Amino acid sequence: GPLSTEALLPLQEHRAAIREAFEDGGGTDEINGRLNPSSLQRDVVRTLERVGIKGVLEEYTDPPSGYSLDIKIANSKLVIEVDGPSHYSHQGKEPLGRTRMKRRHLERL
């Protein structure tokens, strides 16, 4: 189910710093045909850690679903997917089918 207000409070207290990480931009890095965390994702992780969020896990694999999750906060149900341009249509307005499907699946976990 959804997180309680108490679980989200640490993130709400640091909203400006977290927003800044998202607004800095970034993209997907690809090295030797393997996807690596984007610079935007790394910025988000560093910002979460800088503002005191504990248990930030990057590139976490969810055991029940097998999904690779960009960021998970340990001991909580909070997951952050950092969806860059490769997750959207060429106009950048609509998420691709695979992105929509993953979002639906994650909401049900």
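Preceding block: the structure.
What comes next is a walk through the structure. (Residues numbered from 1 in each chain as written. Predicted model: local features only at pLDDT ≥ 70, side-chain atom pairs only at ≥ 80, totals over all residues. Heavy atoms only, no water.)

### Observations concerning the overall build of the protein
Scanning the protein from N- to C-terminus turns up four helices and five strands. For the protein, buried positions account for 28% of its 109 residues. When the accessible surface of the protein is totalled, it reaches about 7500 Å², and 51% of it is carbon and sulfur. (Helix = DSSP H or I, 4+ residues; strand = E, 2+ residues; numbered from the N terminus. Buried < 20%, exposed > 50% of the residue type's maximum accessible area, 1.4 Å probe, protein only. Areas by Shrake-Rupley, 256 points an atom, 1.4 Å probe, with all protein chains shown as cover.)

### With respect to the pattern of salt bridges
Tallying each qualifying case throughout the model produces three salt bridges. A salt bridge links K102 to E81; the shortest N-O distance between them is 3.0 Å. Of this pair, K102 sits in helix α4 (residues 97–108) while E81 sits in the loop between β5 (79–80) and α4; the two residues are 21 residues apart in sequence, bridging distant segments of the chain. Of the charged contacts in the structure, one is a salt bridge between D83 and R103, with a shortest N-O distance of 3.0 Å. Residue D83 is located in the loop between β5 and α4, and its partner R103 is located in helix α4; the two are separated by 20 residues in the primary sequence. The class of D83 is buried, set by a relative accessible area of 19%. (Salt bridge = Lys/Arg side-chain N within 4 Å of Asp/Glu carboxyl O.)

### Some remarks on the nonpolar core
Residues L40, V44, V45, L48, V51, I53, V56, I71, I73, L78, I80 and V82 constitute the largest nonpolar core, which totals twelve residues. At the level of secondary structure, the elements contributing two or more residues to this core comprise α3 (39–50) and β4 (68–73). Top element by residues in this core is α3. It accounts for four residues. I71 has contacts with Q41, V44, V45, L48, V56, L57, L78, V79, I80 and V82, leaving out every residue within four places of it along the chain. (Core = buried A, V, L, I, M, F, W, Y, C linked by side-chain atoms within 4.5 Å. Contact = heavy atoms within 4.5 Å.)

### Quick look at α3
For an α-helix, 3.6 residues make a turn, and residues three or four places apart therefore share a direction. The end-to-end C-alpha separation of α3 is 16 Å, in line with the 16 Å expected for twelve residues at 1.5 Å each. Among all positions in α3, only L40, Q41, D43, V44, V45, T47 and L48 are buried. Count one or two residues on from α3 and you reach G52, which has phi positive near 95°. (Expected span 1.5 Å × (residues − 1).)

### Description of the sheet that holds strand β3 (residues 56–61)
Taking strand neighbours across the sheet as the criterion, the three strands line up as β3-β4-β5 in an open arrangement whose pairing is antiparallel. Only two strands of the sheet have a single partner each, and these edge strands are β3 and β5. Bridging between β4 and β5 involves two bridges; their strand directions are antiparallel. Counterpart to I71 in the pairing with β5 is I80. Across the sheet, α3 touches β3, β4 and β5, and the angle it forms with β3 is around 140°. (Pairing = 2+ DSSP bridges. Axes fitted to C-alpha atoms, helices over the stretch in contact; angles between N-to-C directions.)

Keep in mind these values describe shape, not function.
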